[in-house]
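Read off the chains here:
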Amino acid sequence: MRILILISLAFLVACSPDGSNSEATRTPEQVSLGFFNAIYVDRDVEKAKQFVSEPMQEVLAHYYIASAVQRHVLNLSMTQVTMEIEEIDIDFFRKFTDDVTVIIKMHGLKGGQPWIDDRTIRLHKDGPRWVIVEVLPEKGNLN
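Bear in mind the structure is a predicted one, so any value in this text is a computation, not a measurement. (Residues numbered from 1 in each chain as written. Predicted model: local features only at pLDDT ≥ 70, side-chain atom pairs only at ≥ 80, totals over all residues. Heavy atoms only, no water.)

## As for the packing of aromatic side chains
Rules: Between 30 and 60 degrees the pair is tilted, below 30 it is stacked and above 60 it is edge-to-face, where a pair is any two Phe, Tyr or Trp rings, Trp via its six-membered ring, whose centres lie within 6.5 Å. The classification of residues rests on relative accessible area computed with a 1.4 Å probe and restricted to protein chains. Under 20% of the type maximum is buried, over 50% is exposed, and intermediate values are partly exposed. Each helix corresponds to a stretch of at least 4 residues labelled H or I by DSSP, and each strand to a stretch of at least 2 residues labelled E; elements are numbered beginning at the N terminus. Only lysine NZ and arginine CZ atoms are considered, and such an atom sits over a ring when it is within 6 Å of the ring centre and within 35 degrees of the ring normal.
Per the counting criterion, the structure on display carries two aromatic pairs. Pairing Phe35 with Phe36 gives two aromatic rings, centres 5.3 Å apart and planes at 80°, and the pair type is edge-to-face. When its relative accessible area of 0% is taken as the criterion, Phe36 is described as buried. Measuring from centroid to centroid gives 6.3 Å for Phe36 and Tyr40, while their planes differ by 10°, and the two rings are stacked. Taken together, the residues Phe36 and Tyr40, both in helix H2 (residues 28–41) and four residues apart, mark about one turn of the helix. Of the two residues examined, Phe36 and Tyr40, each falls in the buried class. Geometry around Trp115 places Lys110 over its ring, the cationic atom sitting 4.4 Å from the centre.

## Thoughts on the pattern of salt bridges
Heads up, the condition is: What makes a salt bridge here is a side-chain nitrogen of Lys or Arg within 4 Å of a carboxyl oxygen of Asp or Glu, nothing more.
Here the structure, examined in full by the defined rule, presents six salt bridges. Linking Asp42 and Lys47 is a salt bridge whose minimum nitrogen-to-oxygen distance equals 2.5 Å.

## Looking at unusual backbone geometry
With a phi close to 55°, Arg43 is a non-glycine residue in the positive phi region. Secondary-structure assignment places Arg43 in the loop between H2 and helix H3 (45–49). You can call Arg43 partly exposed: its relative accessible area is 43%. The phi dihedral of Tyr64 is positive, around 70°, even though this residue is not glycine.

## Let's talk about the pairing of strand E2 (residues 99–110)
Heads up, the rule is: Two strands pair under a simple rule: DSSP has to find at least two bridges between them.
Here seven bridges tie strand E1 (residues 79–88) to E2, and the two strands are oriented antiparallel to one another. Across the sheet, the residue bridging to Glu84 is Lys105, located in E2. Turn length for the E2-strand E3 (residues 113–126) hairpin, with the two strands adjacent in sequence and antiparallel, is two residues, and the turn residue Gly111 shows positive phi of about 65°.

Pasting the structure below:
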């Protein structure tokens, strides 16, 4: 029994993150929240570009300002936004997965009224880092 515990403990220690938050070690959750935070909270398109693929960087550059990205890319203009991960289609075997979808739930104001909505994005593993490659069409709001 002790051997089993020691092996389990060694496995857990070996798989623990080192605490760094460099671009290469960001999780899909961190990338997703970072992107939405850049667009809705910081309102900084340049900051958002670090979280997306090259084709999406070109789209963001075309719209130039965060409010245009909210309207035309995400189909959701909101202010005073807070967000959380609603769902992620990834499991324990994350190392073997190259594509994931993440659903972000956002709370804020839309047209001055309280609003809750979600957006689904698809991420792809590009080398050691995760990047957003697509914003999936929304299925409807939750309000």
